[in-house]
Amino acid sequence: MMLSGKKILIAVTGSIAAYKIPLLVRQLTAAGGEVKIVMTPAATDFVSKLTLSTLSGSAVLVEMFNESAWSNHVALGRWANLMVVAPASCNSISKMAHGQCDNLFLATYLSAVCPVLVVPAMDEDMWHHGSTKENLRLLQSFGCTIIPVEHGALASGLVGDGRMAEPSTIFRYIEKVLSANNQLAGKKVLVTAGPTYEALDPVRFIGNYSSGKMGFALAEELADRGAQVTMVCGPVAGAPAHKNNLQVVPVTTAGEMYDACMQHVDYDIAVMAAAVADYTPAEVAPQKLKKGSDSWTLTLRKTKDILAALGAHKKEGQILVGFALETQNEKANALKKLEEKGADLIVLNSMNDTGAGFGKDTNKVSILYKSGDEKEFEMKSKTLVAKDIINAILNL
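The residue count restarts for each chain, going from 1 along the sequence in the order it is written. Confidence filtering applies because this is a predicted model: local features only for residues at pLDDT of at least 70, side-chain atom pairs given and counted only at 80 or more, and all residues used for totals across whole chains, interfaces and linings. Computation of side-chain values: all heavy atoms of the structure, hydrogens and water removed.

## What to know about the packing of aromatic side chains
Applied cut-off: Whether two aromatic rings pair depends on their centres lying within 6.5 Å, for rings of Phe, Tyr and Trp, where Trp uses its six-membered ring; planes under 30 degrees apart make the pair stacked, over 60 edge-to-face, and the rest tilted. Accessibility here uses a 1.4 Å probe with only protein chains present; expressed as a share of the type maximum, an area under 20% marks a residue as buried, one over 50% as exposed, and anything in between as partly exposed. In this scheme, the term charge over a ring applies when either NZ of a lysine or CZ of an arginine sits within 6 Å of the ring centre and within 35 degrees of the ring normal.
In the structure shown here, the tally under the stated rule is 1 aromatic pair. Considering the side-chain rings of Tyr-197 and Phe-205, the 3.8 Å spacing of their centres and the 15° angle between planes classify their relative orientation as stacked. For Tyr-197, a relative accessible area of 25% gives the class partly exposed. With a relative accessible area of 43%, Phe-205 lands in the partly exposed category. Its end group placed over the ring of Trp-79, Lys-36 keeps NZ or CZ at 4.6 Å from the ring centre.

## With respect to the packing of helix 4 (residues 90-97) against helix 5 (residues 104-111)
Which entries qualify depends on this criterion: Whenever a helix is involved, its axis is fitted only over the stretch in contact; in every case the axis is a line through C-alpha atoms, and angles between N-to-C directions fall within 0 to 180 degrees. A helix here means a DSSP run of H or I that spans at least four residues, while a strand means a run of E at least two residues long, and both kinds are numbered starting from the N terminus. By definition in this entry, angles of less than 35 degrees are roughly parallel, angles greater than 145 are roughly antiparallel, angles of 65 to 115 are roughly perpendicular, and the rest are oblique. Rotating anticlockwise by less than a right angle from the far helix to the near helix defines a left-handed crossing, while the corresponding clockwise rotation defines a right-handed one. Here, residues are in contact when the closest pair of their heavy atoms is within 4.5 Å. Classification used: nonpolar for Ala, Val, Leu, Ile, Met, Phe, Trp, Tyr, Cys and Pro, charged for Asp, Glu, Lys and Arg, polar for all others including Gly.
Put simply, helix 4 and helix 5 touch, their axes get as near as 10 Å, and they point 40° apart. Classified by the interaxial angle, the pair formed by helix 4 and helix 5 is oblique. Seen from above, helix 4 lies across helix 5 with right-handed handedness. Note on element contacts: helix 5 touches helix 4 through Phe-105, Leu-106 and Tyr-109, opposite Ser-92, Lys-95 and Met-96. Class assignment for the residues of the contact of helix 4 with helix 5 results in 4 nonpolar, 1 polar and 1 charged.

## Considerations on the pairing of strand 4 (residues 116-120)
Which entries qualify depends on this criterion: Strand pairing follows a simple DSSP-based rule, namely that at least 2 bridges must link the two strands.
For strand 4, the tally of buried residues reaches 5 of 5 residues, placing the bulk of the element in the interior. Of the two faces of strand 4, both are covered, the one formed by Val-116, Val-118 and Pro-120 as well as the one formed by Leu-117 and Val-119. One ladder, built from 4 bridges, connects strand 3 (residues 82-88) with strand 4; its direction is parallel. Directly across from Met-83, in strand 4, lies its bridge partner Val-116. Judged from the 2 bridges that link them, strand 4 and strand 5 (residues 145-146) form a sheet pairing that is parallel.

## Structural notes on the sheet that holds strand 4
With parallel pairing, 5 strands are arranged side by side in an open sheet as 2-1-3-4-5. Strands with a single pairing partner mark the edges of an open sheet, and in this sheet they are strand 2 (34-39) and strand 5. Along the sheet, helix 8 (residues 167-180) makes contact with strand 1 (7-12), strand 3 and strand 4, crossing strand 3 at roughly 160°.

## Thoughts on unusual backbone geometry
With the exception of glycine, the majority of residues adopt a negative phi angle, and the majority of peptide bonds are in the trans configuration. Going from Ala-86 to Pro-87, the amide bond is cis rather than trans, its omega being -10°. Position of Pro-87 relative to the elements: it lies in strand 3. Even without a glycine there, the phi angle at Asn-329 is positive, about 45°. When you line up the elements, Asn-329 lands in the loop between strand 16 (319-326) and helix 12 (330-341).

Coordinates in, geometry out; function isn't part of it.
Okay, here's the thing in structure tokens:
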């Protein structure tokens, strides 16, 4: 069956459109999907727990606590291959967008490490309100997919936009997302992320401002699409979302990152997103260097070039992706890197673009192909940039 083995978490919020959800649950289970359901307290006024538990074959959860048990929202959020919020009321959309956590559904959503589909349902004026549009924009920037509302009869008696998509439409979206999750099944992927720190002495180092956010987003998206991901990561705060098919190898220096990458040269895809030091101190002082003369000459030696080394050893069928963060002559420098390093494509971003660069949650990139093709993208969240980059890889 088309959804055999797929774990789908449906979150039902307070909207009259909840009456359609039993039809969706029946479609999903008939296709072989394993379905679990959480509801907001308001949703129970529109569809019964008994109906949904009977159709799904699982207990329906509403409260975080009851007299005998605690509902583990973290385990639930990590169990699912896909979370579907349907219907998503105006109120729940607002709470999701702003990180509120006052019920089991919201706690589960904030704990989810899988793709999230949001299926809005509300009256026309609420749908067209500026605050709703902004909340949906925020959810999209977090990586959620919004299923468009339909035009039709509404609970208020009006006819207009805001009607929840029909169960058959939602089912097709679910199929599409879950099939995308298998695009890279069986593929080994190597990703680098973050900065490197090159020691001067036991307490000082040469480094850069990379946060690792772009590398995290890439590793998570690759894992979501079914790849077995090894992420070699320099010293950063935080970590990517936990996934069974994502292994993190922590390193500190450019030399350590080189050695770790050379242990994974049997990749199918390699994405070199780390900001690796080009030079490292020729000598590391064994003790803290003390302030002395007014000037100090530091001797540096070139580090090993990871992208060039992988390019030199690249086998037929392997795909190698490099990154170029530039401050001047951006395209010329990126094209030179593409030609010299043996990469299949280079992701170019510029420090001159407001909202792009180190430490930001957004990025603006251009993708340059070995074929000479080029594709530019608008400013967007790094989560969405990761999707664009991986789609470009899949198109090769």
